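# Survey of secondary and tertiary structure
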Amino acid sequence: MRHFSVRSVDICQPCVETAAIMSSQAPYSAYIHIPFCETRCSYCAFNIYTDLASLVPAYIRALLREIKFASADNPHREIHTVYFGGGTPSLLAARYYRDILHCLAERFSLAVDLEVSMETNPNDISTSYLRELREIGINRLSIGMQSASKRVLRLFERRHDLDAVERALRCARQAGFENVNLDVIFGSPGETLDEWKRTVDAILRYAPEHVSMYGLELKGGTALRAQVDAGALPRPDDDIFADMYEYASRSLEGDGYAQYEISNWTRPQFECRHNLQYWRNLPYLGLGAGAHGFAGGFRYSNIANPIRYVESLNERPAAKYDFPLTPAVAKSTTVNSEEDLYETVMMSIRLTREGIHRPTFRRRFGVDIADKFPDGIRKMKTLGLIHVESDRVRLSERGRLLSNAVIRELV
């Protein structure tokens, strides 16, 4: 089943930021995983736990120790974005985020225009709570709306309804948040185009600065996948899936949103800088249980189980660790130039306007993208799935619906 993502970026911005990886001063991003939830949604395959609330204080202490370990050999590297994901970060008291940001500020150099994002559940937030978050430096919210349909929300086993989304947005504005993302999912079993249109219409009515729209992926091990496999729910229809994506694209762009990534749209100047770090294949730290990182020439992943994660950071380290590795790392591999090239292609092609910037690609890898993959580029151009321009290679509108096929052909 196809998976789509929607975001938008100004095509004149990429050169300086993407080229920064060639410099020893390349800014980092930090992803911080909060694995706690009250319930597990039926589609969720993330590293989350619903029965470990009592572990929160010990988990935060472990996170602070991990930050100190990770910074030991490189304490002055600039961090320009921080992202609290989950899980449900909004379940935790604001004081924990104050402690984490304070520790990052002690151990790294935080950018003056630091972007700090936090995922939230509509049921968990109040104006007073959000004011606390805003005061400690969190300046971007992502609200998990998921759908405007009561039936779809029940199917997803979500804890909120549309009224809760409206209240959450009102609280966010009252607390002074001027950068809010709404996160929604389309293509669920049995979802009709009319149901999806009501979700898109609600988004336009709420007027967030940023919208993320993800096509449902039926991941193995999820309750929703089990129901579909058992025949209790219909398998999502690819044609309706494509119609939903195209309707959302037209509606959002007609309302002034620009698409900058397969699944993301934005008002001008509200691109998610943290996610751009991933799509440009630039370095980021992964902190917390199950977090993944790419820094210091390593791709790595942390111990997934929060209890074992905490224990690993309480134990006396057996050896010295190379930046950014810590006792919490479960697996790490060094990234060679060829792997880095392929990963850059796979991520950058998702940027619908920016695409793969050819001069930056040449500086980074010593070869032009068209010379590295001449047959694939020629074939995808002939099929009308990509545009090959003097300074970039990017997906066509049709190619956005078939991005996985384009990636497979190139890499």
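Below or above, wherever it landed, is the structure these notes cover. (Residues numbered from 1 in each chain as written. Predicted model: local features only at pLDDT ≥ 70, side-chain atom pairs only at ≥ 80, totals over all residues. Heavy atoms only, no water.)

## What about the nonpolar core?
Counting residues in each nonpolar core, the largest one holds 99 residues, and the members touching the most others are Val-82, Phe-84, Tyr-97, Ile-100, Leu-104, Leu-130 and Met-213. If you tally residues by element for this core, the top one is helix α2 (residues 56-71), at nine residues. Setting aside its immediate chain neighbours within four residues, Ile-100 contacts Ile-32, Ile-60, Leu-63, Leu-64, Ile-67 and Phe-84. Counting 14 residues, the second largest nonpolar core, distinct from the first, contains Tyr-43, Ile-48, Leu-155 and Ile-185. (Core = buried A, V, L, I, M, F, W, Y, C linked by side-chain atoms within 4.5 Å. Buried < 20%, exposed > 50% of the residue type's maximum accessible area, 1.4 Å probe, protein only. Helix = DSSP H or I, 4+ residues; strand = E, 2+ residues; numbered from the N terminus. Contact = heavy atoms within 4.5 Å.)

## Here's the deal with the packing of helix α3 (residues 94-107) against helix α4 (residues 127-136)
Contact geometry for α3 and α4: axes closest at 9 Å, N-to-C directions at 10 degrees. Compared by their axis directions, α3 and α4 come out roughly parallel. Between α3, through Ala-94, Tyr-97, Arg-98 and Leu-101, and α4, the contact on the second element is made entirely by Tyr-129, Glu-132, Leu-133 and Ile-136. Residues belonging to the contact of α3 with α4 are distributed by class as follows: six nonpolar, no polar and two charged. (Axes fitted to C-alpha atoms, helices over the stretch in contact; angles between N-to-C directions. Parallel < 35°, antiparallel > 145°, perpendicular 65-115°, else oblique. Nonpolar A, V, L, I, M, F, W, Y, C, P; charged D, E, K, R; others polar.)

## So, the side chain of Thr-352
Inspection of the secondary structure puts Thr-352 in the loop between α12 (337-348) and β14 (356-357). Within the structure, the side chain of Thr-352 is placed 3.0 Å from the backbone oxygen of Gln-259, a separation counted as a polar contact. (Polar contact = N/O pair within 3.5 Å; in protein donor to acceptor, adjacent residues only side chain to side chain.)

## Observations concerning the pairing of strand β4 (residues 109-120)
Where strand β3 (residues 78-86) and β4 come together, six bridges link them in parallel fashion. The residue of β4 that forms the bridge with Tyr-83 is Ser-117. Chirality of the crossover, the property in question, places the unit of β3, α3 and β4 among those that are right-handed. Strand direction decides the pairing type here: β4 and strand β5 (residues 140-146), joined by four bridges, are parallel. What sits directly across from Thr-120, in β5, is Ile-143. (Pairing = 2+ DSSP bridges. Right-handed = clockwise from strand over helix to strand, strands pointing away.)

## Digging into the pattern of salt bridges
Taken as a whole and judged by the stated rule, the model has 23 salt bridges. With a closest N to O distance of 3.5 Å, Arg-98 and Asp-99 form a salt bridge. For Asp-99, a relative accessible area of 30% translates into the label partly exposed. With a closest N to O distance of 3.2 Å, Glu-315 and Arg-308 form a salt bridge. Since its relative accessible area comes to 41%, Glu-315 is described here as partly exposed. Relative accessible area serves as the criterion here: at 34%, Arg-308 is assigned to the partly exposed category. A network of salt bridges, in which partner residues are shared, links Glu-38, Asp-124 and Arg-159. (Salt bridge = Lys/Arg side-chain N within 4 Å of Asp/Glu carboxyl O.)

## Some thoughts on the pairing of strand β7 (residues 210-215)
Within β7, five of the six residues are buried, which leaves it mostly tucked inside the rest of the structure. Bridging between strand β6 (residues 180-186) and β7 involves six bridges; their strand directions are parallel. For Asn-181, the partnering residue across the bridge sits in β7 and is His-210. Of the crossover connections in this fold, the one passing from β6 over helix α7 (residues 193-206) to the parallel β7 is right-handed.

## Considering the packing of aromatic side chains
Going through the model one piece at a time under the given rule, you end up with 16 aromatic pairs. Summarising the aromatic geometry, the rings of Tyr-28 and Phe-323 are spaced 5.8 Å apart at their centres and angled 45 degrees between planes, so their arrangement reads as tilted. You can see Tyr-28 sitting in strand β2 (residues 28-34) and its partner Phe-323 sitting in the loop between α11 (306-314) and β13 (329-334), a full 295 residues away along the chain. Residue Tyr-28 shares its accessibility class with Phe-323, and that shared class is buried. (Phe/Tyr/Trp six-rings, centres within 6.5 Å; stacked < 30°, edge-to-face > 60°.)

## Things to note about the sheet that holds strand β16 (residues 392-395)
Sheet architecture is open: three strands sit in the order β14-β16-β15, paired in antiparallel fashion. The outermost strands of the open sheet, each flanked by one partner alone, are β14 and β15 (386-388). Where β14 lies against β16, two bridges are found, and the strand directions are antiparallel. The partner of His-357 across the bridge, within β16, is Arg-392.

## Quick notes on a negative patch on the surface
Together, Asp-237, Asp-238, Asp-239, Asp-243, Glu-246, Glu-253 and Glu-397 line one region of the surface with negative charge. Per-element accounting of the negative patch gives the leading share, five residues, to helix α9 (residues 238-254). Inspection of the secondary structure assignment puts Glu-253 in helix α9. Glu-253 sits in the partly exposed class, given a relative accessible area of 36%. (Patch = residues over 30% accessible without salt bridge, like charges linked within 9 Å, V, L, I, M, F, W, Y side chains within 5 Å. Areas by Shrake-Rupley, 256 points an atom, 1.4 Å probe, with all protein chains shown as cover. Lys, Arg positive; Asp, Glu negative; His and termini not counted. Charge placed at Lys NZ, Arg CZ, Asp CG, Glu CD.)

## Some points on the side chain of Thr-127
For Thr-127, the position within the fold is in helix α4. Those residues in contact with Thr-127 that lie beyond four places of it in its chain are Cys-171, Gln-174 and Ala-175.

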